[in-house]
Amino acid sequence: MILAEKIMEERKKNGWSQEELADKLGVSRQSVSKWESAQSVPDLQRILEMSRLFNVSTDYLLKDEVEDRPAAESSEDAGKELRRVSMEEANRFLAENRDFAGKISIGCLISILCPVPLLGIMAFQKAGILPLTENAAGGLGIILLLAIVAVSLIFFIPAGMARSKWDWLENEVFDTEYGVDGLVKDKSEKFKSKFIRAITGGTVTILFGVIAFLAGGVIDENNTPLHMGLCCLMFACIAIGVFMIVNAGIITDGYSMLLQEGDYSKEEKGNVVMKAITPLYWMIATAIYLGWSFLTNRWEITWIVWAIAGVLYGGLSVLLKTLHQNKISK
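Caption draft 1: Examining unusual backbone geometry more closely. The residue N55 is not glycine, and still its phi comes out positive at about 60°. Inspection of the secondary structure puts N55 in the loop between helix 4 (44-54) and helix 5 (58-62). Note on N55: relative accessible area 43%, which makes it partly exposed. Although it is not a glycine, Q260 adopts a positive phi angle of roughly 55°. Assessed through its relative accessible area of 13%, Q260 is described here as buried.

Caption draft 2: The arrangement of the environment of G179 in detail. With respect to the helices, strands and loops of the structure, G179 is situated in the loop between strand 2 (174-176) and helix 10 (180-219). Excluding residues that lie within four positions of it along the chain, G179 makes contacts with L44 and M87.

Caption draft 3: Geometry of a positive patch on the surface. A grouping of R98, K187, K194 and R197 is seen on the molecular surface, where their side chains present a positively charged patch. Among the elements that take part in the positive patch, helix 10 stands out by supplying three residues, more than any other. Taking the relative accessible area as the measure of exposure, R98 reaches 41% and is therefore partly exposed.

Caption draft 4: Molecular detail of helix 3 (residues 29-36). Along helix 3, the residues classified as buried are V32, W35 and E36. Seen along its axis, helix 3 keeps its buried residues to an arc of 95°; they face one direction. Looking at the buried positions of helix 3, the neighbouring elements they touch are helix 1 (3-13), helix 2 (18-25) and helix 4. Two residues or fewer past helix 3, A38 is found with a positive phi of approximately 65°.

Caption draft 5: Focus on the environment of F213. If you trace the backbone, F213 turns up in helix 10. In this structure the C-alpha to C-alpha distance between F213 and I301, which are 88 residues apart in sequence, comes to 9.7 Å.

Caption draft 6: Broad picture of the packing of aromatic side chains. One pass over the structure, following the stated rule, counts four aromatic pairs. Over the face of the ring belonging to Y60 we find K6, whose NZ or CZ atom lies 4.7 Å from the ring centre. Note that R83 overlies the ring of W168, its terminal NZ or CZ placed 3.8 Å from the centroid.

Caption draft 7: Region of interest: the pattern of salt bridges. Here the structure, examined in full by the defined rule, presents eleven salt bridges. K103 is the salt-bridge partner of D99, the closest N and O atoms lying 3.3 Å from each other. On the criterion of helical spacing, the pair formed by D99 and K103 is a turn pair, its members being four residues apart in helix 6 (residues 87-112). Overall, the relative accessible area of 34% leaves K103 in the partly exposed class. A single salt-bridge network, built from bridges that share partners, covers E9, E10 and K13.

Caption draft 8: View of the nonpolar core. V85, F93, L169 and L258 are the most contacted members of the largest nonpolar core, which totals 35 residues. Counting residues per element, the ones that place at least two in this core are helix 6, helix 9 (167-171), helix 10 and helix 11 (225-259). Tallying contributions element by element places helix 11 first for this core, with 13 residues. Discounting residues that sit within four places of it in the chain, V85 has contacts with A90, W168, L169, F174, D175, T176, E177, V180 and L258. Formed by 14 residues, the second largest nonpolar core is a distinct cluster that contains L3, L21, A22 and F54.

Caption draft 9: Layout of the side chain of S51. Secondary-structure assignment places S51 in helix 4. Ignoring anything within four residues of it in the chain, the contact list for S51 reads V56, S57, T58 and L61.

Caption draft 10: Summary view of a nonpolar patch on the surface. Taken together, the side chains of W292, I301, I304, I308 and L312 make up a nonpolar region of the molecular surface, amounting to roughly 410 Å² of accessible area. Looking at the nonpolar patch element by element, the count peaks at three residues for helix 14 (residues 304-329).

Caption draft 11: Main features of the packing of helix 2 against helix 3. One can describe the packing of helix 2 onto helix 3 by two numbers: an axis separation of 8 Å at closest approach and a directional angle of 110°. As judged from the angle between their axes, helix 2 and helix 3 are roughly perpendicular. Across the interface between the two elements, Q18, E19, L21, A22 and L25 from helix 2 touch R29, V32, S33, W35 and E36 from helix 3. Of the residues assigned to the contact of helix 2 with helix 3, the class counts are five nonpolar, two polar and three charged.

Caption draft 12: Summary view of the confidence of the model for the protein chain. On average, residues of the protein chain carry a pLDDT of 81, and 85% of them reach 70 or more. Throughout residues 71-80 the model reports pLDDT below 50, and contacts reaching past four residues in sequence, or to other chains, amount to twelve contacts.

Caption draft 13: Broad picture of the packing of helix 7 (residues 115-126) against helix 8 (residues 134-163). In the contact formed by helix 7 and helix 8, the axes pass within 7 Å of each other and the chain directions differ by 160°. One element, helix 7, and the other, helix 8, form an angle in the roughly antiparallel class. At the point where helix 7 passes helix 8, the crossing takes the right-handed sense. When helix 7 is examined against helix 8, the residues P115, P117, L118, I121, M122 and Q125 are found in contact with a partner set consisting of E134, A137, G138, L140, G141, I142, L144, L145 and I148.

Each value, and the rule that gives it
- Starting from 1, residues in each chain are numbered consecutively following that chain's sequence as written.
- Selection of residues for local features in this predicted model requires a pLDDT of at least 70, selection of side-chain atom pairs for listing and counting requires 80 or more, and totals for whole chains, interfaces and linings are taken over all residues.
- The basis for every side-chain value is the complete set of heavy atoms in the structure, and neither hydrogens nor water enter the calculation.
- Put simply, DSSP H or I for four residues or longer makes a helix, DSSP E for two residues or longer makes a strand, and each gets a number counted from the N terminus.
- Accessible area is worked out with a 1.4 Å probe on protein chains only. A residue is then buried under 20% of its type maximum, exposed over 50%, and partly exposed in between.
- Contacts: residue pairs with any heavy atoms within 4.5 Å of one another.
- Nonpolar side chains (Val, Leu, Ile, Met, Phe, Trp, Tyr) within 5 Å and like charges within 9 Å form the patches, drawn only from residues with over 30% relative accessible area and no salt bridge.
- In short, Shrake-Rupley with a 1.4 Å probe defines the accessible areas, and a residue's cover is counted only from the protein chains shown.
- What counts as a salt bridge is simple: a side-chain nitrogen of Lys or Arg found within 4 Å of a carboxyl oxygen of Asp or Glu.
- When charges are counted, Lys and Arg contribute as positive and Asp and Glu as negative, whereas His and the chain ends are disregarded.
- We put the charge of a Lys on NZ, of an Arg on CZ, of an Asp on CG and of a Glu on CD.
- Each C-beta atom gives one direction from the helix axis, and the arc is the one those directions make.
- Paired rings are identified among Phe, Tyr and Trp, the last through its six-membered ring, by centres lying within 6.5 Å, and are further divided according to the angle between planes into stacked (under 30 degrees), edge-to-face (over 60) and tilted (the rest).
- As a reminder, the over-ring test applies to NZ of lysine and CZ of arginine, requiring each to be within 6 Å of the ring centre and within 35 degrees of the ring normal.
- We call a set of buried Ala, Val, Leu, Ile, Met, Phe, Trp, Tyr and Cys residues a nonpolar core when their side-chain atoms join them within 4.5 Å.
- Interaxial angles span 0 to 180 degrees and are taken between N-to-C directions of axes, which are lines fitted to C-alpha atoms, for helices over the stretch in contact.
- Angle categories are assigned with fixed cut-offs, so that under 35 degrees is roughly parallel, over 145 is roughly antiparallel, 65 to 115 is roughly perpendicular, and the rest are oblique.
- Under the scheme applied here, ten amino acids are nonpolar (Ala, Val, Leu, Ile, Met, Phe, Trp, Tyr, Cys and Pro), four are charged (Asp, Glu, Lys and Arg), and all others, including Gly, are polar.
- Per-residue confidence from the predictor is reported as pLDDT, which spans 0 to 100.
- Note on convention: the crossing is left-handed when the near helix lies turned anticlockwise from the far helix by less than a right angle, right-handed when the turn is clockwise.

This is the structure:
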């Protein structure tokens, strides 16, 4: 039987008229009539909905050579405890992942900008624009710094809590319904050019900021208002660059999670050591950065902690992945 005949047969078995089936699918009666007369073919979303309504597999509906009427596949029937991602779930996750990417990247931008008020106030104080002592200017700057860090948490914490319901996509091996992989791959391919532009633009912006900072050190090494102003420019450039990179990276990771590729492949999901070490590693890096910064008050220098931590993390992740792959192959 062809698809048109199967739709008609299943509709009649359920005792529905064409109009009743159309109402359940959210289409017109004429659409159902054209499907059953083979004048047109329903889209993928409608086929998935009919699979659920008729309690049959999508293979049964789509493949002419499949004449049996198997019930819709389930992980329990297959003997595997695998969750299945539907088309609706995939679209909802991708939409929420974009929202998550926006909030996290804004939080990163704000947190990186936190030293700017401190440096700006100190610059104005040294220039005689602010009638404050050096200690008073430093104290005011630190208060503003902590206030900005608090603002960044408004983005980080709710976004992380909202995202937690999708943690199983990252940690569990799962299956997908018919058409999900194709949809995600198509969206991933379309986003690839935006990802390349974001990574390139973000990297160039960060390098521009570092160049501005180094130029300030060449011009004057005595922390003059000009040097501090260039430090503020450096932080602004780094914040913008990180915003671009993080936003694009999280969106791309969302596609990889659904496709179970790269760091989210079925093999990598078993890498328990990597998952345990990663949060601890970045907590230690953050503690070193804050401790060094507050003790020395050299915020224009301590940012180098993140660059070193990033390089070391890359090497650590490669080492742990290699050990995990060797363990699997044995």
